[in-house]
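These are the residues of each chain, in order.
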Amino acid sequence: MTTTGSATLEAPRPTAEDVEHVDVLVVGAGVSGIGAAHTLRERFPDRSFVLLDTQEAPGGTWWTHRYPGVRSDSDLFTYGYRHKPWRGPSIAAGGEILAYLDEVIEEDGLAQHIRYRHRVTAASWSGEDARWTVEVSREDTGERLRMTTDFLWMCQGYYNHAEPHRPQWEGMDRYQGLVVHPQSWPEDLDLTGRRVVVVGSGSTAATLIPAIARDAEHVTMLQRSPSYFLAPPLTHELAVTLRALDIPEDWTHEILRRAYSAQFNELARMSHEAPDELHAFLIESMKPLLPEGFDVERHFTPRYRPWQQRIAIVPEGDLFAALREGRASIVTDTIDTFTEKGIRVSSGEELAADVVVTATGFDLSAFGDVSFTVDGEPVEIPRCVTWRGVMVSGIPNMAYVFGYFRHSWTLRVDLVCDLVTRLFEHMGEKGARSVVPELRPEDAGMQLRPWSDPENFNAGYVLRSQHLLFKQGDREPWTHMLEHAQEAELLPQVDLDDGSLVYR
C-alpha cells in the first residue's frame, strides 16, 4: 500500500466476525488477577474467562520490578493466597514470589486463560445488550482486537508500570554519572566499586541499599525526611517450630496467617488509638541495631504519625547492618542541585556519586488508564464514588481489586473474591443481567471525600495522584480503605439488597 499526504498506516479495525465473547474478562495477571481467576475456576467452572495482561509474563509488580534485592515488604503467609500454603521464609525475594504464582497458574490450569502483551485501551457498556465491548491493543504484533464480556473485573493494580515517578532537579543535565530508577533497572548495571546515592527512604530504598552495598564502594541514602522501619526475623520463630514438628504445611500456613494478621491488626489499632506508644516502640526497637551514637532524632524520627505511610520492613535489620559496617550512610537533607560529580544538598555538602538511584516512588493509574463509556456517555472517574472498595458508582458489571496499604495486599484479594462470588450468585437468583452501584435518596448531598484521606494515609504517591481517582463518601457503603480486622467481619455480611446496588 502507498500513502499520500498525511495518510498513515493503521492496524485494521476488527470486524463483527472477529469479536470474541467471554463471560468474565479479567484485566491483569498479577496477584489480584490470578486470585480472581482461581475463584472463577473454582466457584464458576461453567463460565468462560480470559485474563489480559500488558506484560510478557505473569506477576505484575513482581515481573516489572527487578532491581537488586527486590522482596516483599510484608510476610508471605498473609501475602500468599488463602488456598495455597506458603512454604518459604516469611519475607521472600521477588523471584520466590514469581515461582509461587507460577505454581498457582500450573495447579489451576490457568495458562490457557492468560494472554500477554494485550493492553486494554477502552471499554464501552451497552445497557440494551447488558455487556461490555472492550478494545485491546496487542503490543507484540500491533493488532487491534475487540472482545465482549458480561462482566469486567479490573485487577491491574494501581501502579503506572510504564512511567515511574521521576522528579527533575536542577543541574541534572550537567551530571556526568548515571541516573537510574528502580522500576527501570538495567539488567547489565554493575555497581562494583562505585559510589552510589539512593534518593528516597521508603520500602524500595530500604530493600535496595543492603543489596547493592555488598559490592558498591559506598551507598548513601539521601532522604528528605525519615520513615518508620520494622526489623522482623526473616522467618517467624513459630514457623520454625511448626516445621520442626512436621506439622502439615496447610496447618502451618493458616496458623502463621492468623499470627501475622493479629500482629498487624494490633499495629493498625495502635496507629489510630495509641500513636505515641507505637512511635516509641518503633523508634526504641531500632536503636540497638544502629551504630553507637547514631543521630536517631535526625535520621529515623518521622514527621508523621505511625502508619500514615507504609512502615518499611528490613528483615533481620539488614539496612541497619549496612550502616553499622560502614558500607552505607544516611544524609537527611534536600537536594540543592546536581553537580558534574554528584549532588549538592541544601547544607552545602556535596555527595560524590558515580550512580544516582531515584527511589522516588511511582505514580498511580486509574484502572490502567482505560477509557470507559456507559451507553455512549464517557465516564469521568474522578466524579465517581467507590462502593465498598469493590465497585464504582455508575459503572455496571465492573468490579476491581485493590488491596491494603498496611496489611498484605492479598488478604483483601481473598475478601473481594468472596464478595464478587456472592454478587454473581445473587444476580443469578434474581435473574439479573446487570448490577450497578447508585447513590440512594438518603445519600443525596453526601459529603464526598478524597480517594485517600490524608489523615489516614498520606504517602506522596497517593497525594499527587488524588485528582485521577474516584472519591469516597462519608458513610457505608461508599467508603474504602478500612483495616483488615474491620473488613474481615464486614465484607462477608454485606447486604446486597440495601438499595445501593441496582439490578436489571
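Relevant structure appears above.
Residues numbered from 1 in each chain as written. Predicted model: local features only at pLDDT ≥ 70, side-chain atom pairs only at ≥ 80, totals over all residues. Heavy atoms only, no water.

Colleague: Describe the overall build of the protein, naming the residues involved and giving the relevant values.
Modeller: Secondary structure assignment for the protein yields 13 helices and 23 strands. Dimensions of the protein, computed from C-alpha atoms along their principal axes, come out at roughly 70 × 70 × 50 Å. Counting only contacts in the protein whose residues sit at least 6 apart along the sequence, the fraction spanning at least 24 positions is 71%. Positive and negative side-chain charges of the protein, numbering 48 and 76 respectively, have mean locations separated by a distance of 2 Å. (Helix = DSSP H or I, 4+ residues; strand = E, 2+ residues; numbered from the N terminus. Contact = heavy atoms within 4.5 Å. Lys, Arg positive; Asp, Glu negative; His and termini not counted. Charge placed at Lys NZ, Arg CZ, Asp CG, Glu CD.)

Colleague: Residue-level account of unusual backbone geometry, with values.
Modeller: With the exception of glycine, most residues fall at negative phi, and the peptide bonds are largely trans. Residue Glu 476 is joined to Pro 477 through a cis peptide bond whose omega torsion reads 5°. The backbone of Asp 375 shows a phi angle near 50°, a positive value even though the residue is not glycine. Locating Asp 375 in the fold gives a position in the loop between strand E17 (371-374) and strand E18 (377-378). A relative accessible area of 51% places Asp 375 in the exposed class. (Buried < 20%, exposed > 50% of the residue type's maximum accessible area, 1.4 Å probe, protein only.)

Colleague: Summarise the packing of helix H1 (residues 31-43) against helix H11 (residues 409-430); cite the residues concerned and give the values.
Modeller: Packed helices, taken two at a time, are described by the angle their axes make and the gap between the axes. One can describe the packing of H1 onto H11 by two numbers: an axis separation of 10 Å at closest approach and a directional angle of 40°. Here H1 and H11 pass one another in a crossing that is right-handed. Facing Val 31, Ser 32, Gly 35, Ala 36, Thr 39, Leu 40 and Arg 43 of H1, the residues of H11 in contact are Trp 409, Thr 410, Val 413, Cys 417, Thr 421, Phe 424 and Glu 425. Here the contact of H1 with H11 is composed, by residue class, of seven nonpolar, five polar and two charged. (Axes fitted to C-alpha atoms, helices over the stretch in contact; angles between N-to-C directions. Left-handed = near helix turned anticlockwise from the far one by under 90°. Nonpolar A, V, L, I, M, F, W, Y, C, P; charged D, E, K, R; others polar.)

Colleague: Kindly report on the sheet that holds strand E15 (residues 350-352), identifying the contributing residues and their values.
Modeller: Backbone-to-backbone hydrogen bonds pair the strands of a sheet. The strands run either parallel or antiparallel. Spatial strand order, E13-E14-E15: three strands in an open sheet with antiparallel pairing. Among the strands making up the open sheet, the edge pair consists of strand E13 (335-338) and E15. Shown here is a sheet whose adjacent strand axes are inclined to one another by a mean of 25°, direction ignored. As defined by bridge partners, strand E14 (residues 342-345) adjoins E15 across three bridges and the pair is classed as antiparallel. If you follow Arg 344 over to E15, its bridge partner there is Glu 350. (Pairing = 2+ DSSP bridges.)

Colleague: Residues and numbers for the sheet that holds strand E8 (residues 195-199), please.
Modeller: Read from one edge to the other, the open sheet built from five strands follows the order E7-E16-E8-E9-E12, with strand pairing classed as parallel. The sheet terminates laterally at strand E7 (178-180) and strand E12 (328-332), the two strands that pair on one side only. Going from strand to strand, the sheet's axes swing by 20° on average, the running direction of each strand aside. Where helix H5 (residues 203-212) meets the sheet, it contacts E8, strand E9 (218-223), E12 and strand E16 (355-358), and its direction lies at approximately 170° from that of E8.

Colleague: Explain the environment of Gly 127 to me, and be specific about the residues and the numbers.
Modeller: With respect to the secondary-structure elements, Gly 127 resides in the loop between strand E4 (118-126) and strand E5 (131-138). Gly 127 sits in the partly exposed class, given a relative accessible area of 38%. Gly 127 sits 269 residues away from Pro 396 along the chain, and the two C-alpha atoms are 8.6 Å apart.

Colleague: Any details on a negative patch on the surface? Residues and values, ideally.
Modeller: Negative charge collects at one region of the surface, where Glu 128, Asp 129, Asp 375 and Glu 377 lie side by side. If you trace the backbone, Glu 377 turns up in strand E18. Classification of Glu 377 as exposed rests on a relative accessible area of 54%. (Patch = residues over 30% accessible without salt bridge, like charges linked within 9 Å, V, L, I, M, F, W, Y side chains within 5 Å. Areas by Shrake-Rupley, 256 points an atom, 1.4 Å probe, with all protein chains shown as cover. Salt bridge = Lys/Arg side-chain N within 4 Å of Asp/Glu carboxyl O.)

Colleague: Go over the packing of aromatic side chains, please, and point to the residues and values.
Modeller: According to the stated counting rule, one finds 25 aromatic pairs in the structure shown. Between Tyr 81 and Tyr 100 the ring centres are 6.1 Å apart and the planes differ by 20°, which places this aromatic pair in the stacked class. Placement of Tyr 81 in the loop between helix H3 (76-79) and helix H4 (94-108) and of Tyr 100 in helix H4 is noted, with a sequence separation of 19 residues between them. Look at Tyr 100 and you get buried, because its relative accessible area is 6%. Between the aromatic rings of Phe 367 and Phe 470, the centroid separation amounts to 5.6 Å while the plane-to-plane angle is 15°, which identifies the pairing as stacked. Remark: Phe 470 occurs in the loop between helix H12 (460-463) and helix H13 (484-490) and Phe 367 occurs in the loop between E16 and E17; sequence separation between them is 103 residues. Take Phe 470: its relative accessible area is 4%, and that puts it in the buried class. (Phe/Tyr/Trp six-rings, centres within 6.5 Å; stacked < 30°, edge-to-face > 60°.)

Colleague: Outline the pairing of E9, listing residues and values.
Modeller: Burial analysis of E9 places five of its six residues in the buried class, which makes it a mostly covered element. Examined bridge by bridge, E8 and E9 share five bridges and lie parallel to one another. The partner of Val 196 across the bridge, within E9, is Val 219. In this fold, the crossover linking E8 to E9 by way of H5 has right-handed handedness. (Right-handed = clockwise from strand over helix to strand, strands pointing away.)

Nothing here speaks to function; it is geometry throughout.
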